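Breakdown of the fold
Residues per chain, in single letters:
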Amino acid sequence: MGPRILLVDDEEAITFATRRYFERRALHVDVASELEQAKAFVAGGTYELVVVDLRLTGALGAEGLDLLSHVRERQPDAKCVLLSAYVSAEVERAARERGAALVLRKPISLPDLGEALTGLLPR
Amino acid sequence: MILHATEAAIAGALLQELPAGVVVLDGSGQVRYANRSAAEIMGHTRAECLGLGVERLFGAEAAAEILREHAPGERRLTTRLPLRGEDAPPAGLSIVTPAHGQLADVLGARPVAVIFREIEEQRLVEEDLRRLEGQAALGRIVAGLAHELRNPLAAIQGLSFVMMDECAESDPAFEPARRIAELVERMTRLVGACVAVGNPAPPRTESCPVDGLVEQAIESLSPRWGHRGQAPSVTAEDGGLSVEADPSQAIQCLRALVDNALDAAGDPARVSVRIRRSDRRLARAQPAVRVEVRDDGPGIPGSLLSRVFEPFFTTKPDRNGLGLAVAQAFALRNRGTLEVRSAPGDTVFALSLPVVAGRR
C-alpha cells in the first residue's frame, strides 16, 4: 500500500478526477466533502498527506483552517496542504500557523499538484 | 453697418476674455484665430498659434477628431482628448462647424471652430471613479458568475488530465482530451480576468520600490522578449522611488502594459520603461511616480484610443481584450491613474501611483 492521502473538497467532480489521477500513481486516496466527514477519516486512519480546500460547505468560509488545526493536534506527522482560489497574505499566515506545509492557489493542474505533493512525501 | 462694427468689437473683446480656449481653423486645417486662453493652454503666444497646422497645435489624436467628416452646423463634444505635449492635461473639446455664412465668407470653405477647456485632474479621477462605480454592479454579477464557473472548469480540466493520463498518446481519445484541457485553460484565464475587472480584490498596499516592481513585471515576460529581440530597457530618471501600492496588483498592471507594448512593437521589438517623479498630482494632491511604457509600433488610431481600456476591446485575434482593462482597474483601485497617448512609432502608457514620501 502506497502513501495515504486525505483529500477534502466539496466539488465532487474535482475529487473524482484527483483521486483517480493519484490512485494511478500508487497512492491511497480517501475523499471527504465536508468537515465532519474529514474529521471522521482523521480519527479512523493515519495519513501521510492531507490536502484540503479552504472553503468547504459551511457558514465559516474557512473550514479548511479548522481542519488544519484538527489534523495537527491528532496527526502531527501528517503533511498538510491548503488549496484556495484566494490566497491572501492573511490566509497564508493562518495556514502556516496551523502547520500547513504548503499553500497552493487554485486552479492548479493535476500534474502541478502531483509534483507539489510528491515533494512532500518521504522518499 | 455701425452696429456690425460694434458687435464685432464686443465679440472680439469677449472672446479674448473667455476662460475657454477658442481656435478657428480654415478648411485646410491652418489656425486662423486663437484667443488668449487657447494660447495659454497650448503653451504658445497667440502669434505663434496663427498659421500652425491643427496637428502641430493639438496633436495627432485630437486633430483626427477635429478634422473628421462633419456637416455644416454640426456640434460635437468630446471628452478627455489628450493634447500635445508630454504632460499636457487632457481636454474636453467642443468642435463646432459653423453653418455656411459669415465665417465661410472670410475663411473659405469648411471652417471649424474648436472650443476647449482643460479638465482638472480631480475631475478626471472623479470621472474614472464614477465609471468604475457604474461598472461595479454589473462587475459584481460578472465576477459572481466567473467565480461559480471556476470549480466546474477546474473539474473539467482535471477530468481531461485523467483521460490523457489513462490513454497512450497514440490513442484516438488523447488528442480530444488534450484540446479540452487547452480550451479550459483559456477559459480559466478569462474567468480570472473577469473577476479582476469586475470585482478586484481590495488592494493590500505597502511601500514598494518601483524599480523592483518593473523588474518583476519584465522578468515574468522573459519567455516573450526572449525570441523577439532585446529585453525592454529600463531607465530610472529619479532613483530610489517607492510607491504605495499592492505589489501583486502593481506588477500585474505593469506586466499587462509591457505585454501590450511587446505586441505592438516593431520587429525587433523596442520597448522602453521610464520611471520618474510625475509633474502632476493625483487625487487629494497626492504626489505621484510615473512609469511610462513606450513602444515603437504603428500607434493606435485616434478613433480607437478612447476604447483601449474597455473590457473585451481588442484588435488582436488571439487576445481577449481584458489585459488593459484589468491594468486600469488595478491602477484606479490603488489610487493611481493609467493614461495613454499614441502617435505612429511612439505609443506611451503611463501608470501613476502615489509616491511614498522620502527616499528608501
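Here, the structure is the one placed above.
Residues numbered from 1 in each chain as written. Chains lettered and ligands numbered in written order. Predicted model: local features only at pLDDT ≥ 70, side-chain atom pairs only at ≥ 80, totals over all residues. Heavy atoms only, no water.

1. Section: the overall build of chain A
When its secondary structure is counted, chain A shows five helices and five strands. When the helices and strands of chain A are read in sequence order from the N terminus, they spell out β-α-β-α-β-α-β-α-β-α. Of all 123 residues assigned to chain A, the portion counted as buried reaches 47%. Nonlocal contacts in chain A, meaning residues at least 24 apart in sequence, comprise 59% of its contacts between residues at least 6 apart. Surface exposure of chain A reaches about 6200 Å², of which carbon and sulfur atoms provide 49%. (Helix = DSSP H or I, 4+ residues; strand = E, 2+ residues; numbered from the N terminus. Buried < 20%, exposed > 50% of the residue type's maximum accessible area, 1.4 Å probe, protein only. Contact = heavy atoms within 4.5 Å. Areas by Shrake-Rupley, 256 points an atom, 1.4 Å probe, with all protein chains shown as cover.)

2. Here's the deal with the overall build of chain B
Assigned secondary structure in chain B consists of 13 helices and 12 strands. Relative to its 360 residues, chain B shows a buried fraction of 45%. Counting only contacts in chain B whose residues sit at least 6 apart along the sequence, the fraction spanning at least 24 positions is 64%. For chain B, the computed accessible surface area is about 18300 Å², with 57% contributed by carbon and sulfur atoms.

3. A look at the interface of chain B and chain A
Opposite the 14 residues of chain B that make contact, chain A presents 19 residues. Regarding the contact of chain B and chain A, the summed buried area is about 1500 Å², with carbon and sulfur atoms giving 60% of it. The interface formed by chain B and chain A contains four salt bridges. Two residues, B:Asp165 and A:Arg24, come together in a salt bridge whose shortest N-O distance is 3.3 Å. Seen at the junction of chain B and chain A, the total is four residue pairs in polar contact (both at pLDDT 80 or more). (Buried area = accessible area lost by both parts, 1.4 Å probe. Salt bridge = Lys/Arg side-chain N within 4 Å of Asp/Glu carboxyl O. Polar contact = N/O pair within 3.5 Å; in protein donor to acceptor, adjacent residues only side chain to side chain.)

4. What about the sheet that holds strand β11 (residues 337-343) of chain B?
Residue and element names in this part refer to chain B. Across the sheet, which stays open at both edges, the five strands sit in the order β7-β9-β10-β12-β11 with mixed pairing between neighbours. Edge positions in the sheet fall to β7 (233-236) and β11, since each has one partner strand and no second. Pairwise comparison of adjacent strand axes, ignoring direction, gives a mean angle of 25 degrees for this sheet. Pairing between β11 and strand β12 (residues 346-354): seven bridges, direction antiparallel. Each bridged residue has a counterpart across the sheet, and for Ser 342 the counterpart in β12 is Thr 347. Contacting β7, β9 (271-281) and β10 (287-295), helix α9 (residues 210-219) runs over the sheet at an angle of about 145 degrees to β9. Contacts between helix α13 (residues 323-333) and the sheet are confined to β11 and β12, with β11 contributing the most and set at about 135 degrees to the helix. (Pairing = 2+ DSSP bridges. Axes fitted to C-alpha atoms, helices over the stretch in contact; angles between N-to-C directions.)

5. Quick look at α9(B)
Residues and elements named next belong to chain B. For α9, the set of buried residues is Val 210, Leu 213, Val 214, Ala 217 and Ile 218. Down the axis of α9, the buried set is contained in an arc of 130 degrees. They therefore lie on one face. Structural note: α9 exposes Glu 215 and Glu 219 on the side pointing more than 90 degrees away from its buried face. (Arc of directions from axis to C-beta.)

6. What to know about the pattern of salt bridges
Inspection of the entire model under this criterion finds 27 salt bridges over all chains. A salt bridge links A:Asp30 to A:Arg4; the nearest nitrogen and oxygen atoms lie 3.5 Å apart. You can see A:Asp30 sitting in strand β2 (residues 28-32) and its partner A:Arg4 sitting in strand β1 (residues 4-8), a full 26 residues away along the chain. Assessed through its relative accessible area of 11%, A:Asp30 is described here as buried. A:Arg4 sits in the partly exposed class, given a relative accessible area of 24%. A salt bridge links B:Arg36 to B:Glu17, with the shortest nitrogen-to-oxygen separation between them at 3.5 Å. Of the two residues, B:Arg36 is situated in helix α2 (residues 36-42) and B:Glu17 in helix α1 (residues 2-17); the sequence distance between them amounts to 19 residues.

7. Notes on empty space enclosed by the protein
All names here are of chain A. Scanning all chains against the criterion turns up four cavities of 30 Å³ or more. By volume, the largest cavity amounts to about 220 Å³. If you trace the largest cavity, you find 21 residues lining it, with Ile 14, Thr 18, Ile 108, Leu 110 and Leu 113 closest to the centre. Here the lining of the largest cavity is composed, by residue class, of 13 nonpolar, five polar and three charged. (1 Å grid on protein atoms, 1.4 Å probe; cavity = no way out; pocket = protein on both sides within 12 Å on 5 of 7 lines; lining within 4 Å. Points joined across faces, edges and corners; volume = space filled by probe spheres on them. Nonpolar A, V, L, I, M, F, W, Y, C, P; charged D, E, K, R; others polar.)

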